[in-house]
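# Architecture and fold: a report
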Amino acid sequence: MPVLRMFRSTLRRLLALDDPPERTALAFSIGIFIAFSPFLGLHTIMATSIAFLFRFNKIAIFSGTFINNPFLTLVPIILASYAVGAFLLGRPVKIPAEGLELLKNPHLLTADYYRKLFKEGWDIVWPFTIGGMLLSVVCSLAAYPVTSWLLRKHKRRKSDSDA
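Here goes a summary of the coordinates provided.

The rules behind these values
Numbering of residues starts from 1 in each chain and follows the order in which that chain's sequence is written. The model is predicted, so local features are restricted to residues of pLDDT at least 70 and side-chain atom pairs to those at 80 or more, both for listing and for counting; the totals for chains, interfaces and linings are taken over all residues. Note that water and hydrogens are dropped before the side-chain values are worked out from all heavy atoms of the structure. Definition used in this section: a nonpolar core is a set of buried Ala, Val, Leu, Ile, Met, Phe, Trp, Tyr and Cys residues joined via side-chain atoms within 4.5 Å. Burial status follows relative accessibility: with a 1.4 Å probe on protein chains alone, a residue under 20% of its type maximum counts as buried, one over 50% as exposed, and anything between as partly exposed. In this description a helix means any DSSP run of H or I spanning at least four residues, a strand means any run of E spanning at least two, and both kinds are numbered starting from the N terminus. In what follows, a contact means two residues having at least one pair of non-hydrogen atoms within 4.5 Å. Polar contacts, as used here, are pairs of N or O atoms within 3.5 Å; protein pairs need one atom able to donate a hydrogen and one able to accept it. Residues neighboring in sequence count only if both atoms are side-chain atoms.

## Let's talk about the nonpolar core
With 13 residues, the main nonpolar core has Leu40, Ile78, Ile95, Leu103, Tyr113 and Leu117 as its most contacted residues. Going through the elements one at a time, α5 (74–89), α6 (97–104), α7 (111–119) and α8 (122–162) are the ones with two or more residues in this core. Counting residues per element, this core draws most heavily on α5, at 4 residues. What Tyr113 contacts, discounting residues up to four positions off in sequence, is Leu102, Leu103, Asn105, Pro106, His107 and Leu108. Ranked by size, the runner-up nonpolar core spans 8 residues in total, among them Phe28, Ile32, Ala35 and Ile77.

## Brief notes about the side chain of Thr65
Within the secondary structure, Thr65 is located in helix α4 (residues 58–65). Within the structure, Thr65 has its side chain in polar contact with the backbone oxygen of Ile61 (distance 2.9 Å).

What follows is the structure, encoded as structure tokens:
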């Protein structure tokens with residue numbers, strides 16, 4: 001299963017880092033926040049800027065950020081963001097046909113895509129933004145303790161085997 005393989009690969013990269021577990025977990029959870037944020041097309045720029053600004057380990061922050069990738073997770077994250085936002089705003093979860101077509105075939109690096117996206121209006125953008133921000137907060141807050149625990153456990157196991 002490709003998604004499971006991706007998560008295992010990410011975990012192996014994080015376990016290999018020498019930074020303190022809490023700092024690595026923080027960088028990873030910030031990457032998760034960025035991954036679920038509605039700022040499509042800006043995730044890598046945001047991750048790079050934050051990594052350099054706060055001197056975070058780039059592998060950790062990019063591992064979190066690239067949980068959202070165009071090959072496996074982009075469409076499910078977009079749809080979940082929209083559904084959560086529509087639910088919170090009391091709107092129907094059904095995406096209009098024109099909007100669904102834009103989400104199925106995103107051309108994130110073209111200006112025309114964003115023109116069409118905004119032309120469809122706030123009926124799509126607003127719920128997606130609200131849902132994406134909520135998922136960013138919730139997922140990053142959940143990622144920190146889980147990642148921190150896994151990294152500390154690995155570090156203890158590694159130090160016990162070295163002793």
